[in-house]
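# A closer look at the structure
If you want the building blocks of each chain, they are given just below.
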Amino acid sequence: MKLQVKFSLIFLLVFGVQLGIVGYVCDMFLRNSARDQVVNQARLMMASSLATRTYTQEQIKPLIHGNNLVFHPQIVPAFAATEHFNYLRKEYPEYSYKEATLNPTNPRDRAVDWEADVVNIFRNDPSKEDFTGERDTPTGRALYMARPIKATAPCLACHSTPAAAPASLIKVYGSANGFGWKDNEIIGAQIVSVPMALPLGMADAAYRKLMTSLVLIAIVVLLILNLALHFAVIRPVRRFSLMADEISKGNLDLPELSASGKDEISTLAEAFNRMRRSLDRAMKKLDRS
């Protein structure tokens, strides 16, 4: 096996081991980074929905609330935030949003089992501001972020007792649900969900690009190193081999090898030249004797 082939195999072996280690570390890093990116995106969307709630409560509701003849769900902060997010989903279809409530007025906001568990986590620990988690779904793992929803004084105007609620609201939703809330009570949670396939897909795409780039870089480096090896080592050693072969055949009338420089190849060339000259003088002495 030629020296250049051996060098290439050693390089590929070393690079393969390093690529495996780098690939493993980068895969974990990219997956965590993609997950954090999705969580931050969910946090931004949740903040947008919260801003919609505040805007509706402070600026829209006072304009219409005086009319008790017709109930407009658009003045309800939870309804406005949910509808606002539905428009966002046109650009981000993977994300879903729900204001999961234990005792809602609107049936679509009622918390299902796992959402009720999330709400109860906040009820059991009121100091918790938010948290993220994962859960199994029929379509695979899902990542979610949640924040608590507290009943404030403006909420109690409609949700304390049926008697205090506008008649138009009772007419639409009835008096069985959405009442009995207390001031500062955690009554639900904002929950943004996204399939884990999204961050994992982002991580896998970045991983493929990274590994492809590393392999291409390795190929270029291997070519450059092979060229450098050829001119700096292989070609001089080949000249040594040819000269040694000629000398073994008794041909001592050969030009000296170039020995410029102070590296090992130059030192070897100089030693080879001395050996050839010494052998040439010895052969001439034998001829004269």
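None of these values were measured; they are calculated from a predicted model. (Residues numbered from 1 in each chain as written. Predicted model: local features only at pLDDT ≥ 70, side-chain atom pairs only at ≥ 80, totals over all residues. Heavy atoms only, no water.)

### Brief notes about the overall build of the protein chain
- The secondary structure content of the protein chain amounts to 7 helices and 4 strands.
- The linear arrangement of helices and strands in the protein chain, starting from the amino end, is α-α-β-α-β-β-α-α-β-α-α.
- Computed over the C-alpha atoms, the radius of gyration of the protein chain is 39 Å, more than 25% above the 19 Å expected from 2.2 N^0.38 for a compact globule of 289 residues.
- Within the protein chain, the proportion of its 289 residues that are buried is 33%. (Helix = DSSP H or I, 4+ residues; strand = E, 2+ residues; numbered from the N terminus. Rg over C-alpha atoms; globule rule 2.2 N^0.38 Å. Buried < 20%, exposed > 50% of the residue type's maximum accessible area, 1.4 Å probe, protein only.)

### Considering the packing of aromatic side chains
- Using the criterion set out here, one finds 6 aromatic pairs in the structure.
- Each ring, one from Phe-11 and one from Phe-15, has its centre 6.2 Å from the other, and the planes form 5°; the classification is stacked. With a gap of 4 residues between them, Phe-11 and Phe-15 both fall in helix α1 (residues 3-64), about one helical turn apart.
- Relative to Tyr-144, the ring of Trp-114 has its centre 5.2 Å away and its plane inclined at 55°; by these criteria the two rings are tilted. Of this pair, Trp-114 sits in helix α3 (residues 113-124) while Tyr-144 sits in strand β3 (residues 140-150), and the two are 30 residues apart along the sequence. The pair formed by Trp-114 and Tyr-144 is uniform in burial state, with each residue classed as buried.
- Pairwise contacts between aromatic rings join Trp-114, Phe-122, Phe-131 and Tyr-144 into one cluster. (Phe/Tyr/Trp six-rings, centres within 6.5 Å; stacked < 30°, edge-to-face > 60°.)

### Quick look at empty space enclosed by the protein
- Counting across every chain of the model gives 2 cavities of 30 Å³ or more.
- Reported here for the second largest cavity is a volume of approximately 30 Å³.
- In terms of lining residues, the second largest cavity is bounded by Val-38, Val-39, Ala-42, Thr-132, Leu-143, Tyr-144, Met-145, Val-192 and Val-194.
- Where the lining of the second largest cavity is concerned, the elements lending two or more residues are α1, β3 and β4 (186-195).
- Classifying every residue of the lining of the second largest cavity gives 8 nonpolar, 1 polar and no charged. (1 Å grid on protein atoms, 1.4 Å probe; cavity = no way out; pocket = protein on both sides within 12 Å on 5 of 7 lines; lining within 4 Å. Points joined across faces, edges and corners; volume = space filled by probe spheres on them. Nonpolar A, V, L, I, M, F, W, Y, C, P; charged D, E, K, R; others polar.)

### Considerations on helix α7 (residues 264-288)
- In this model, α7 (25 residues) spans 36 Å end to end at C-alpha, consistent with the 36 Å of a helix rising 1.5 Å per residue.
- Of the positions making up α7, those classed as buried are Ser-266, Ala-269, Phe-272, Asn-273 and Arg-276.
- Close packing links the buried residues of α7 with α6 (197-248). (Expected span 1.5 Å × (residues − 1). Contact = heavy atoms within 4.5 Å.)

### Digging into unusual backbone geometry
- A positive phi angle, near 70°, is found at Asn-184, a position not held by glycine.
- Take Asn-184: it is sitting in the loop between α5 (167-173) and β4.

### A closer look at the sheet that holds strand β2 (residues 131-137)
- The antiparallel open sheet is built from 4 strands, whose spatial order is β1-β4-β3-β2. The two strands at the open ends of the sheet, each matched to only one other strand, are β1 (96-101) and β2. Strand-to-strand twist of the sheet, defined as the mean angle between neighbouring strand axes without regard to direction, takes the value 30°.
- In terms of strand pairing, β3 meets β4 through 9 bridges, oriented antiparallel. Of the residues in β4, the one forming a bridge with Lys-150 is Ile-186.
- Running over the sheet, helix α2 (residues 77-88) touches β1 and β4 and is turned about 165° from β1.
- Relative to the sheet, α3 contacts β1, β2, β3 and β4, its axis offset from that of β4 by approximately 125°. (Pairing = 2+ DSSP bridges. Axes fitted to C-alpha atoms, helices over the stretch in contact; angles between N-to-C directions.)

### Observations regarding the layout of surface pockets
- Approximately 320 Å³ is the volume found for the largest pocket.
- Taken together, 14 residues form the lining of the largest pocket, with Leu-50, Arg-53, Thr-54, Lys-150 and Thr-152 sitting closest to its centre.
- Listing elements by their share of the lining of the largest pocket, those giving two or more residues are α1, β3 and α4 (153-159).
- Class assignment of the residues belonging to the lining of the largest pocket gives a composition of 6 nonpolar, 4 polar and 4 charged.

### A short note on the confidence of the model for the protein chain
- Per-residue confidence for the protein chain gives a mean pLDDT of 85; residues scoring 70 or more make up 97%.
- Averaged over each element, pLDDT in the protein chain is lowest for α7 (78) and highest for α3 (94). (pLDDT = per-residue confidence, 0-100.)

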